[in-house]
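Structural characterization, general
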Amino acid sequence: MSKPAALVTGASRGLGFALAELLSDTHHVVAVARTVGGLEDLDDRIKARGGEATLAPMDITDRDAMAHLCRSVHDRWGGAALWVHSAVHAGPLTPADHVVAKDWSKSVGVNVTAMGHLIPFISALIGPEGKAVFFDDPRGGQKFFGLYGATKAAQIALARSWAAETEKTGPDVRVLTPAPFRSATRGRFFPGEEKDSLPSPQDAAAALLPEILRSRDA
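Residues numbered from 1 in each chain as written. Predicted model: local features only at pLDDT ≥ 70, side-chain atom pairs only at ≥ 80, totals over all residues. Heavy atoms only, no water.

**Some thoughts on the pattern of salt bridges**
Our working definition: Only one rule defines a salt bridge in this text: a Lys or Arg side-chain nitrogen within 4 Å of an Asp or Glu carboxyl oxygen. Here a strand is any run of E in DSSP of at least two residues, a helix any run of H or I of at least four, and the numbering for each starts at the N terminus. Exposure classes here rest on a 1.4 Å probe applied to the protein chains alone. A residue is buried below 20% of its type maximum, exposed above 50%, and partly exposed in between.
Counting across every chain of the model gives twelve salt bridges. Between Lys47 and Asp43 there is a salt bridge, with its nearest N and O atoms 3.2 Å apart. Of the two residues, Lys47 and Asp43 both sit in helix H2 (residues 36-48), four residues apart, roughly one turn of that helix. Classification of Lys47 as exposed rests on a relative accessible area of 54%. When the shortest N-O distance is used, the salt bridge between Arg174 and Asp172 registers 2.6 Å. Because the salt bridges share partners, they merge into one network encompassing Glu21, Asp25, Arg45 and Arg49.

**Here's the deal with the sheet that holds strand S6 (residues 172-176)**
Two strands in a sheet stick together by hydrogen bonds in their backbones, pointing the same way (parallel) or opposite ways (antiparallel). Cut-off, in case you're wondering: Two strands form a pair only when DSSP identifies at least two bridges running between them. The convention used is that axes are lines fitted to C-alpha atoms, helices contributing only their stretch in contact, and that angles between N-to-C directions extend from 0 to 180 degrees. Residue contacts follow a heavy-atom distance rule, with two residues in contact if any of their heavy atoms lie within 4.5 Å.
Read across the open sheet, the six strands follow the order S3-S2-S1-S4-S5-S6; overall the sheet is parallel. On the outer flanks of this sheet lie strand S3 (53-57) and S6, each paired with one strand and no other. Pairwise comparison of adjacent strand axes, ignoring direction, gives a mean angle of 15° for this sheet. As paired elements, strand S1 (residues 5-9) and strand S4 (residues 82-85) share four bridges and run parallel to each other. Across the sheet, residue Ala6 finds its bridge partner in S4, namely Leu82. Seen against the sheet, helix H3 (residues 63-77) touches S1, strand S2 (28-33) and S3 and runs at an angle of roughly 170° to S2.

**Observations concerning the side chain of Ser86**
Put simply, the test is: A 3.5 Å cut-off defines polar contacts: any pair of N or O atoms within that distance qualifies, except that in protein one atom must be a possible hydrogen donor and the other a possible acceptor, and neighbouring residues in sequence count only when both atoms are side-chain atoms.
Of note, Ser86 is situated in the loop between S4 and helix H4 (101-113). Judged by relative accessible area, which is 18%, Ser86 ranks as buried. Side-chain polar atoms of Ser86 contact the backbone oxygen of Gly10, separated by 2.9 Å. Aside from chain neighbours lying at most four places away, what touches Ser86 is Thr9, Gly10, Gly16 and Phe135.

**A closer look at the packing of H3 against helix H5 (residues 115-126)**
Our working rule: Every angle not falling under 35 degrees, over 145, or within 65 to 115 is termed oblique; those three ranges are roughly parallel, roughly antiparallel and roughly perpendicular. Classes in brief: Ala, Val, Leu, Ile, Met, Phe, Trp, Tyr, Cys and Pro nonpolar; Asp, Glu, Lys and Arg charged; the others, Gly included, polar.
Running from N to C, H3 and H5 cross one another at 5°; their axes reach a closest spacing of 10 Å. Taken together, H3 and H5 sit at an angle that is classed as roughly parallel. Residues Arg63, Met66, Ala67, Cys70, Val73 and His74 of H3 pack against His117, Leu118, Phe121, Ile122 and Leu125 of H5. For the contact of H3 with H5, the per-class residue count stands at eight nonpolar, two polar and one charged.

In structure tokens form, the structure reads like this:
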């Protein structure tokens with residue numbers, strides 16, 4: 001394979017979809033998401049650009065599935081150069097004392113617990129020369145954002161710890177904060193917002209791409 005592999009978790013829509021499409025110009029994209037239709041749409045877009053993708057319709061909370069995927073990527077390509085993590089569960093906005101147990105469990109499972117196996121598995125896959133990228137959306141402490149804000153903050157806290165631990169040894173772990181852009185998640189959080197005033201996910205991805213691809217020494 002002439003292109004290095006890039007693993008994109010949460011690739012079936014929004015920012016993950018847009019970044020996977022752009023990354024296909026320089027990488028063989030391994031696209032992970034639960035939504036098969038979204039992955040197939042992504043594959044069509046990537047092929048239209050002359051790129052290639054491997055679709056992995058999997059749930060990131062399934063530890064065994066993620067272990068199998070990482071092993072398969074290692075066996076087929078010898079590892080990956082890049083991991084972009086955009087998968088997130090946006091629980092409903094609600095007062096903290098109205099949080100429903102199933103919503104809390106899903107938010108913790110996707111946004112926090114999955115990180116407990118994804119980071120160890122993918123760290124071994126990308127090695128000290130690889131790169132991992134996460135996206136912050138600081139809502140912790142804001143009213144009605146308890147579900148999303150708390151679990152997203154926990155995810156980013158773990159990513160920042162990993163970044164601090166590997167600053168000298170690698171991999172290159174980065175936490176980026178995208179500017180607001182149109183997405184289904186934002187539409188749920190801010191239903192009255194004028195959507196046309198915000199950039200598209202494709203525009204947001206294009207703005208983030210140079211920082212994602214920038215070498216640590218640049």
